[in-house]
Amino acid sequence: MKRTRMLLACLPFLLGLPMGAEAAENGERQWQDESVYYIVVDRFMNGDMNNNEGVDLEDPNAYHGGDLSGIVDQLDYIKELGFTTIQLSPIMQNEGDSYHGFHVSDFRNVEEHFGTMEEARQVVEEAHARDIKVIFDLPIGFVSQSHPWVEDGDRSEWLTGEEVASEHPWFNQLVEVDVNQEAVSTYYKETMDFWKEKTEVDGFRVITNGADLSETSLQEDPRIMYTSSIKEDHPFRKEAREAFRQAGNPLTDLLTEEDLTQPHHLDFYDVSRFTHEAVVEGQNPITRWQMALTHLFTAPGVPVVYYGTETPLDDGGNPQNLPMMNFKAGDEKLKKRIEKLTSMREQFPALTRGDYRELYNEDGLAVFKRTYEDNEMIVAINNAEETRTMTLEELEDDHQLRGLLHDGLVRQQSDGSYRLGMERETADVFIVEPNSGYNWLFIGFVGGVLSLFVIAVTAISLKNRKADKG
């Protein structure tokens, strides 16, 4: 019986249905190979009740209790989702109730609400034990109004004398730092040295107030994974959210770029949750997220997924309302989609290092190709409210497109083309490979085994009936 079950379990794989390809070893791992899970530390997981002073779950502007210990507790959860890197909101000492971490008052100390330096190091150690990298946010373009530099006669010259003007309340009226001064650059380089020595963190995202770092020594620092500004427009995010918030929207304005190292996200602390926008439009947020995430993970760039996307969290339309993560909630379909997408980026280098070329984009159906060396992938996203089809005519003869999300299989037509049909509101990622056909020898073998199994069961049943009559 056990052997028969094993044969049945293996049957789909030997009939030419989707199988996971082994990850290609293409030299040293690079930044664009990562899939990033962004954690707002205070809103993720309360692992230590001893640092809960001032915690108020009813006040959206107060600390809610998330800490570094809680992140350690949930690393297996993140690992199961398939993310290779976690990125933490600023963990440095902050002023007042700045749970978000951006009102830094001491760049070389851990905020007591989040834990200790030893716990920061433990996060990195435990993440590394699971082959997960860790990035710390490092805000360098501004400091809190109570930062010692404000009153320091020498270091007050590191400040521009201006306050940050921002529509986002977290950043408005912070004191601006002149990051173009070499002394300031040196301080932040030494600060990165400090955190690297204390915690073994893998790298940093540095956040500015729009300053250009190209003329500073920070520009080429290898520990800086990427730089962002609180004044960025995020065109990739803007167009993707607009396109996928509602079925029937065209995909012609989706943006792509040649920079494979550019991080992209759909949700972040400066916009309302995509989940809420879908609900406002009367859409199924799970379906909307499945479409949008497929685009995020397969377009050129590094996908950064905001905490709680997988549940998915809804902020009620208020970007400053950061709900506490609820690990007991969640949608299995959405989690499975994320697991498959992270897995594909690990297995297929075309999605992380490949060239990009759009093949078709009409009436809500977008099809594009990613190519790296001998690895070729076709991505199809149908945002229309009905089935769409298109014809691929440039693929090699005698190949097939094997779907990795929906187990579809597209084979060459008699005229030499490949006809791709996508149901409404679906997306799939196809690997282009030689036509495998069907393994008729194995089909016959399995058929014979199943026949013998049925005969044996029938014989035993008849024998038992005779015994009962006797």
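Just above sits the structure.
Here's what I pulled together on the structure shown here. (Residues numbered from 1 in each chain as written. Predicted model: local features only at pLDDT ≥ 70, side-chain atom pairs only at ≥ 80, totals over all residues. Heavy atoms only, no water.)

### Side note on the packing of aromatic side chains
Logical step 1: With the rule as written, the count across this model stands at 33 aromatic pairs.
Logical step 2: Arranged with centres 5.9 Å apart and planes meeting at 20°, the rings of Trp 31 and Tyr 226 form a pair that is stacked. Remark: Tyr 226 occurs in strand β10 (residues 224-229) and Trp 31 occurs in the loop between α1 (2-14) and β1 (36-39); sequence separation between them is 195 residues. The pair Trp 31 / Tyr 226 is uniform in exposure class, with both members buried.
Logical step 3: Judged by centre distance (5.4 Å) and plane angle (40°), the rings of Trp 170 and Tyr 269 are tilted. Highlighted residues: Trp 170 in the loop between β7 (159-163) and β8 (175-177) and Tyr 269 in the loop between β11 (263-264) and α8 (274-280), separated in sequence by 99 residues.
Logical step 4: Looking at Trp 170, the relative accessible area reads 6%, which means it is buried.
Logical step 5: Among the residues examined, Tyr 269 registers a relative accessible area of 6% and is labelled buried.
Logical step 6: Through successive ring pairs, a cluster of aromatic residues spans Tyr 38, Tyr 99, Phe 102, Phe 142, Trp 170, Phe 171, Phe 268, Tyr 269, Tyr 306 and Tyr 307.
Logical step 7: Here the guanidinium or amino end of Arg 273 rests over the ring plane of Tyr 307, the centre of that ring lying 4.9 Å away. (Phe/Tyr/Trp six-rings, centres within 6.5 Å; stacked < 30°, edge-to-face > 60°. Helix = DSSP H or I, 4+ residues; strand = E, 2+ residues; numbered from the N terminus. Buried < 20%, exposed > 50% of the residue type's maximum accessible area, 1.4 Å probe, protein only. Lys NZ or Arg CZ within 6 Å of the ring centre and 35° of its normal.)

### Examining the packing of helix α7 (residues 235-244) against helix α9 (residues 285-298)
Logical step 1: The N-to-C vectors of α7 and α9 enclose an angle of 145°; their axes lie 10 Å apart at closest approach. Crossing of α7 against α9: the hand is right-handed. Note on element contacts: α9 touches α7 through Arg 288, Met 291, Ala 292, His 295 and Leu 296, opposite Phe 236, Ala 240 and Phe 244.
Logical step 2: Residue composition of the contact of α7 with α9, by class: 6 nonpolar, 1 polar and 1 charged. (Axes fitted to C-alpha atoms, helices over the stretch in contact; angles between N-to-C directions. Left-handed = near helix turned anticlockwise from the far one by under 90°. Contact = heavy atoms within 4.5 Å. Nonpolar A, V, L, I, M, F, W, Y, C, P; charged D, E, K, R; others polar.)

### Focus: the sheet that holds β8
Logical step 1: Taken in spatial order, the 3 strands of this open sheet run β6-β8-β7, and their pairing is antiparallel. In this open sheet, the two strands that pair with only one neighbour each are β6 (142-143) and β7.
Logical step 2: In terms of strand pairing, β7 meets β8 through 2 bridges, oriented antiparallel. By the bridge assignment for β8, Leu 159 is matched with Val 177. (Pairing = 2+ DSSP bridges.)

### So, the sheet that holds strand β13 (residues 355-362)
By way of backbone hydrogen bonds, the strands of a sheet pair with one another, either parallel or antiparallel.
Logical step 1: Reading across the sheet, the 6 strands line up as β13-β14-β15-β20-β17-β18 and stay open at both edges, with antiparallel pairing between neighbours. Of all strands in the sheet, those bounded by a partner on one side alone are β13 and β18 (409-411). Here the strands of the sheet are splayed against their neighbours by 20° on average, with no regard to which way each runs.
Logical step 2: With 5 bridges joining them, strand β17 (residues 399-403) and strand β20 (residues 426-434) adopt antiparallel strand pairing. Residue pairing across strands places His 399 opposite Pro 434, the latter belonging to β20.

### Focus: the environment of Asp 73
Logical step 1: Its location among the elements puts Asp 73 in helix α2 (residues 68-73).
Logical step 2: Each C-alpha atom, one on Asp 73 and one on Gly 47, is 7.0 Å from the other, the two residues being 26 residues apart in sequence.

### A word on helix α4 (residues 117-129)
Logical step 1: For α4, spanning 13 residues, the distance from its first C-alpha to its last is 18 Å, which sits close to the expected 18 Å at 1.5 Å a residue.
Logical step 2: Inspection of α4 places Glu 119, Ala 120, Val 123, Val 124 and Ala 127 among the buried residues, and these make up the whole buried set. Taken around the axis of α4, the buried residues stretch over an arc of 145°, which confines them to a single face. Opposite the buried face of α4, at more than 90 degrees from it, the exposed residues are Glu 118 and Ala 129.
Logical step 3: Contacts made by the buried residues of α4 are with α2, α3 (75-81), β2 (85-88), β4 (104-110), β5 (133-139) and α6 (182-199).
Logical step 4: One or two steps after α4, the chain reaches Asp 131, where phi turns positive at roughly 60°. (Expected span 1.5 Å × (residues − 1). Arc of directions from axis to C-beta.)

### Considerations on helix α10 (residues 332-347)
Logical step 1: The end-to-end C-alpha separation of α10 is 22 Å, in line with the 22 Å expected for 16 residues at 1.5 Å each.
Logical step 2: Taken residue by residue, α10 has Leu 334, Lys 335, Arg 337, Ile 338, Leu 341, Thr 342, Met 344, Arg 345 and Gln 347 as its buried positions.
Logical step 3: On its buried side, α10 packs onto α3, α9, β12 (302-306), α11 (350-353) and β20.
Logical step 4: For α10, the N-terminal capping position is held by Asp 331, with its side-chain oxygen 2.9 Å away from the main-chain nitrogen of Lys 333. (Polar contact = N/O pair within 3.5 Å; in protein donor to acceptor, adjacent residues only side chain to side chain.)

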